[in-house]
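This is what each chain is made of:
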Amino acid sequence: MASPVEKSPRDASDGEGSSSSFGGEPRRTKFEYFGWVYHLGVNKIGHEFCHLRFLFIRGKYVEMYKRDPHQNHGIGLIRRGVVGHTLMMEELGRRKVNSGDLYVLRFYNRLEESQKGEIACRTAGEARKWMEAFDQAKQQVEYELSKGASSRHKLSMEAEINLEGHRHKVRRYAHGLRKLIRIGQGPEALLRHLSGLIVDGGSNDHLEPDGDAIEAHKWKCVCTMNGIRIFEDVADSKGGKEVLVKSVGVINASADAVFEILLSLEPSKRYEWDMLTSDLQLIESLDGHYDVLYGNYDPRYFTWWNSKRDFVFSRQWFRGQDGTYTILQLPAVHKKKPVTSGYQRTMINPSTWEIRGLRPSGASESSSCLLTHMLEIKSSNWCKWKKNRSSKFEKSIPFALLCQVAGLKEYISANPALALKSPTTIIDSKANSSASNSEYDDMEVADEFYDAIAASMSDEDEDSDDEILVYKKDQKVSLKNVSWAIASLPLKRTSALDANKELDSAIPSVSIHPSQFHGSFRPGKDDTDTNCWTSPDGTGFMIRGKTYLKDSSKVRAGDPLLKLIAVDWIKNESSIDKIALRPFSVVQSEAGKKLPFILVVNLQVPAKPNYNMVFYYAADRPVNKTSLLGKFVHGTDSFRDSRFKLIPSIVKGYWVVKRAVGTKACLLGKAVTCRYLRQDNFLEIDVDIGSSSVARGVIGLVLGYVTSLVVDLAILLEAQEEEELPEYLLGTVRLNCVKLDSAVEV
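Residues numbered from 1 in each chain as written. Predicted model: local features only at pLDDT ≥ 70, side-chain atom pairs only at ≥ 80, totals over all residues. Heavy atoms only, no water.

Caption draft 1: View of the pairing of strand β4 (residues 48-58). Counting buried residues in β4 gives 11 out of 11 residues, a clear majority hidden from the surface. Across the two faces of β4 the burial is the same, with Glu48, Cys50, Leu52, Phe54, Phe56 and Arg58 and Phe49, His51, Arg53, Leu55 and Ile57 all buried. Alignment of strand β3 (residues 32-42) against β4, held across 11 bridges, turns out to be antiparallel. Each residue of the ladder has a partner; that of Val42, found in β4, is Glu48. Counted along the chain from β3 to the antiparallel partner β4, the turn is 5 residues long, and its residue Gly46 has a positive phi close to 90°. Sheet topology places β4 next to strand β5 (residues 61-65); 5 bridges connect them, and they run antiparallel. Note on β5: the bridge partner recorded for Leu55 is Met64. Joining the antiparallel neighbours β4 and β5 is a turn of 2 residues, in which Gly59 adopts a positive phi near 60°. (Buried < 20%, exposed > 50% of the residue type's maximum accessible area, 1.4 Å probe, protein only. Helix = DSSP H or I, 4+ residues; strand = E, 2+ residues; numbered from the N terminus. Pairing = 2+ DSSP bridges.)

Caption draft 2: Here's a closer look at the packing of helix α4 (residues 255-263) against helix α8 (residues 404-414). Contact geometry for α4 and α8: axes closest at 12 Å, N-to-C directions at 115°. Here α4 runs over α8; the crossing is right-handed. Residues Val258, Ile261 and Leu262 of α4 lie in contact with α8, whose contacting residues are Leu408, Tyr411 and Ile412. When the residues that make up the contact of α4 with α8 are grouped by side-chain class, the tally is 6 nonpolar, no polar and no charged. (Axes fitted to C-alpha atoms, helices over the stretch in contact; angles between N-to-C directions. Left-handed = near helix turned anticlockwise from the far one by under 90°. Contact = heavy atoms within 4.5 Å. Nonpolar A, V, L, I, M, F, W, Y, C, P; charged D, E, K, R; others polar.)

Caption draft 3: Quick peek at helix α1 (residues 124-146). For α1, which comprises 23 residues, the first-to-last C-alpha distance of 33 Å matches the rise-based estimate of 33 Å (1.5 Å per residue) to within 8%. In terms of burial, α1 is largely enclosed, as 19 of its 23 residues are buried. (Expected span 1.5 Å × (residues − 1).)

Caption draft 4: Fine view of the packing of aromatic side chains. Scanning all chains against the criterion turns up 14 aromatic pairs. Both rings, one in Phe259 and one in Tyr325, keep their centres 4.2 Å apart while their planes meet at 10°; by these two values the pair is stacked. You can see Phe259 sitting in helix α4 and its partner Tyr325 sitting in strand β18 (residues 325-331), a full 66 residues away along the chain. There is no split in this pair, since Phe259 and Tyr325 are both buried. Taken together, a centroid distance of 6.5 Å and an interplanar angle of 55° make the contact between Phe615 and Tyr617 tilted. Its relative accessible area of 1% is what places Tyr617 among the buried residues. Through a chain of ring-to-ring contacts, three or more aromatic side chains come together here, namely Phe34, Trp36, Phe54 and Phe56. Across from the ring centre of Phe56, 4.1 Å away, lies the NZ or CZ of Arg58, which sits over that ring. Positioned above the aromatic ring of Tyr294, the side-chain terminus of Lys337 is 4.5 Å from the ring centre. (Phe/Tyr/Trp six-rings, centres within 6.5 Å; stacked < 30°, edge-to-face > 60°. Lys NZ or Arg CZ within 6 Å of the ring centre and 35° of its normal.)

Caption draft 5: A look at unusual backbone geometry. Cis rather than trans, the peptide bond between Lys608 and Pro609 has omega equal to 0°. For Pro609, the position within the fold is in the loop between β28 (597-605) and β29 (610-619). Put simply, Leu725 and Pro726 share a cis peptide bond, and its omega is -5°. Positionally, Pro726 belongs in the loop between β34 (710-717) and β35 (729-736). Unusually for a residue other than glycine, Ser552 sits at a positive phi of about 60°. Tracing the sequence through the fold places Ser552 in the loop between α13 (548-551) and β26 (554-556). Phi is positive for Cys737, which is not a glycine, with a value near 50°. By the element assignment, Cys737 lies in the loop between β35 and β36 (744-745).

Take a look at the structure:
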């Protein structure tokens, strides 16, 4: 699959980014992307197909060709449309197509989910680049909408691109190509990939290892081994039967490339770096981000065992909004792989992989990442090895797992081609640079993108391609990016909050007495209380400081702006929207109606039955309409999606759950579907966790341990301009050992 190419013309007037202009108003720099993708769908007679297609994104416009228009001048496009502001993008994860694994992206209209379509990429890195490319196009549309009524009218006359249904007769020609960003490689690589010849990809993006909540772990380096460091968590060294240990190494390859290698089951590759889990079989793939594997190993490598050993474990993986990959590995039982004669079933230690991109150092532009493998080991075995470096431990499963980082590091060093390929290529074309989007504005058809990608492919010359590949699809489960990355944080000064900036200082404040408000979930008496909520201060969270745009520095948060007055914990057979309009809601109480402003955050938890955790945050004065909060309250849904953040933190609980949830801030509107209701004195945000399979998987894991978890959450608005800094917290909540059966049925 090919990744996008970026175009950045000198005289463009729209797109992502900005540049100065003589008129005083900043001009928008346009980015353009192109590359090869697979178009997936079902034709009018019900046959599934996989077409090789050339995709082109010019500003807000998306075009699809059967051939590369740069090499085939005059070739007509087969589909075209605009990326509407209601476009939603989801990662469906990996899907088996013929002999290759593809990474599938789903597009749909958030107002009408029946309008949808799919494209697929060869690597996770290329899928990420296409997600970024479409996000750039969506930002272009939002920018035009912000320019006024004429732009809104113009956009309303254009339809979004349709990737399903019958294709309109469209014949336009490519011209005016300038500087571009190519995503991925050419069509030959894609065809080889589906034939089993996989080409590894990389990335030029590098990320900072900053988290957004203070973690309780205290890591101490206990030894270096084979070029990697071994750490032990000494924060709770005196208690517990298990100890957390991790091996850490810098790998000279992109995070995307390392992720692909870790997930690959190809024995010939795993034999070169993995001494324990190199012989793996796929038992079941439940969705694109979760599978169950069976493996075995020869006891000759572990001399004191007499019988062969085998094991079954599950893998769950996801990529955070910062590009960090997390893989959870847990021992499992599966009916398709019962205990086999001649093998002794063993349990693989629970472990996690974390792959975080690093910024290039000095003049070097080569990709690198920090690879961390964390696992749980019996404390008795670990302590013996620390004291005398016992050779017995060095022939154990935990030791073999810790050595996987070193093996992978050497494998990539011995195969430099794995680190060289990038999913993006910058191309500078000397073709006519005077063309603009206006050349395409008066085309006969301008469908919206999900319309053009979604309709039943039926006729004409599209089904007559040489590259058509028919396949049987596995079960489809939608997944979104969820930002559950893990990081450790420096301690910095506390951010001071200027409430007068966000709330109307001309209006006298009102007194808010929590005793006046009653939710179905009770407030806690103290930190030892259970099945309750409290409202902690913000010092456990890190937010963007005053100089963040210059030095990326983050500071400890201060007290939240809004006061948490009540929490509802309810359940129903179906998920509940518009909680604030329900008679039982705090908003509808007499005391609630007298408050200047209430922010209602409704977390919709998918389960059987469905749960709703509803937080009510109150302000003692009306919101200042010119402030960031005022723009959020009175703004568009697109603006809200781009600003509303949540920071999670598991204060107490099972370490694997902590790794899954992470401590990284998540733009909820980018990760899951958020619906907004603005009326009277309140704004309600309905957060549909079930709209993302990744989020569903994580919340499913959390619900399994929820009665033993202490969870802190902070909500805030992302500051993206200098005048909006420093950030501040809107509100916080601590959920202490919640019992599912305590939810009130409504």
